[in-house]
Amino acid sequence: MENVEIERKWLMEGYPPLAAKAELIQEQGYLSFSPAVRIRKVVAGAGTSYLLTLKGKGGMARTEVELPLNEAQFEALRGLLQSPMVQKKMRTYTLPDGHTLECSCVDEGQPESFYYAEVEFDSEEEALRFLPPPFLGTEVTKEPEYTMAAYSRRKAQKAGFGGE
């Protein structure tokens, strides 16, 4: 489904000092970096889902189209990737103001591993009014080098993938 994703992002030093609501594992890879076209496998509890996602350009707000895949489609597309798969361990939290915080550890245990957090909003006005809790790190919402596509492109270059 197509929608406009409105989110702000922060680099973190680790998971926040809150009780997690849920934890899931994601594996994602990019078919294209610009526009960003990725496949994602999500394991949450006993369930596994597969998605194809297309993302438009932008910072805080951008078009996002997500389509479900079955496992066979996901595996077929995996062979077309422009970069190595990225592993993400995500935990979700409810902030005191009711927003949901998603915090991910990317490529845990690897030298390039890092944590980042996102909060999604219903409007740009709501996003701009949001006062981040003190434990959120450096905001990188408007910095394109901190998108997952940009990280994956750097990872592909380091690993010697062809790609765009």
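Here, every reference points to the structure presented above.
Fair warning: this is a prediction, and the values are worked out from it, not measured in the lab. (Residues numbered from 1 in each chain as written. Predicted model: local features only at pLDDT ≥ 70, side-chain atom pairs only at ≥ 80, totals over all residues. Heavy atoms only, no water.)

Draft legend 1. Spatial organisation of the overall build of the protein chain. The secondary structure content of the protein chain amounts to 3 helices and 8 strands. Mapped from its N terminus to its C terminus, the protein chain presents α and β elements in the order β-β-β-β-β-α-β-β-β-α-α. Taken over C-alpha atoms, the radius of gyration comes to 16 Å for the protein chain, in line with the 15 Å a tight globule of 164 residues would show. Its C-alpha atoms give the protein chain principal-axis dimensions of about 40 × 30 × 30 Å. Across the 164 residues that make up the protein chain, the buried fraction comes to 45%. For the protein chain, the proportion of contacts with a sequence separation of at least 24, taken over those separated by at least 6, is 60%. Entry remark: accessible area of the protein chain is about 8700 Å², with carbon and sulfur atoms responsible for 54%. For the protein chain, the distance from the average site of its 19 positive side-chain charges to the average site of its 25 negative ones is 4 Å. (Helix = DSSP H or I, 4+ residues; strand = E, 2+ residues; numbered from the N terminus. Rg over C-alpha atoms; globule rule 2.2 N^0.38 Å. Buried < 20%, exposed > 50% of the residue type's maximum accessible area, 1.4 Å probe, protein only. Contact = heavy atoms within 4.5 Å. Areas by Shrake-Rupley, 256 points an atom, 1.4 Å probe, with all protein chains shown as cover. Lys, Arg positive; Asp, Glu negative; His and termini not counted. Charge placed at Lys NZ, Arg CZ, Asp CG, Glu CD.)

Draft legend 2. Broad picture of unusual backbone geometry. Omega for the peptide link from Ser-34 to Pro-35 comes to 0 degrees, which places this bond in the cis form. By secondary structure assignment, the location of Pro-35 is in the loop between β2 (22–33) and β3 (36–44).

Draft legend 3. Structural view of the nonpolar core. Core analysis: the largest hydrophobic core is formed by 16 residues, its most contacted members being Leu-101, Cys-103, Ala-117, Val-119, Phe-121, Phe-130 and Leu-136. For this core, the secondary structure elements donating two or more residues are β1 (2–12), β7 (100–106) and β8 (114–121). Here Phe-121 is in contact with Ile-6, Glu-7, Arg-8, His-99, Glu-126, Ala-127 and Phe-130, once residues within four sequence places are set aside. (Core = buried A, V, L, I, M, F, W, Y, C linked by side-chain atoms within 4.5 Å.)

Draft legend 4. Representation of the environment of Gly-29 in the model. In this fold, Gly-29 is placed in strand β2. Residues contacting Gly-29, with those up to four places away along its chain left out, are Val-37, Arg-38, Ile-39, Leu-81 and Met-85.

Draft legend 5. Highlighting the state of the cysteines. The tally for this structure, following the rule as stated, stands at 0 disulfides. You can see Cys-103 has no disulfide; the closest cysteine sulfur is in Cys-105, sitting 8.3 Å from it. A relative accessible area of 2% places Cys-105 in the buried class. (Disulfide = S-S within 2.5 Å.)

Draft legend 6. Region of interest: the layout of surface pockets. In this structure, the largest pocket encloses a volume near 420 Å³. As for the largest pocket, its lining consists of 27 residues, and the residues nearest its centre are Glu-5, Arg-38, Lys-55, Glu-64 and Glu-120. Listed by contribution, the elements that provide at least two residues to the lining of the largest pocket are β1, β2, β3, β5 (61–69), β6 (86–94), β8 and α3 (148–159). When residues in the lining of the largest pocket are grouped by element, the largest group, 6 residues, is from β1. Split into classes, the residues belonging to the lining of the largest pocket amount to 10 nonpolar, 4 polar and 13 charged. Here the second largest pocket is characterised by a volume of approximately 240 Å³. Along its surface, the second largest pocket is lined by 14 residues, and Phe-33, Lys-57, Arg-62, Thr-147 and Ala-149 are the ones closest to its centre. Residues that form the lining of the second largest pocket fall into these classes: 6 nonpolar, 4 polar and 4 charged. (1 Å grid on protein atoms, 1.4 Å probe; cavity = no way out; pocket = protein on both sides within 12 Å on 5 of 7 lines; lining within 4 Å. Points joined across faces, edges and corners; volume = space filled by probe spheres on them. Nonpolar A, V, L, I, M, F, W, Y, C, P; charged D, E, K, R; others polar.)

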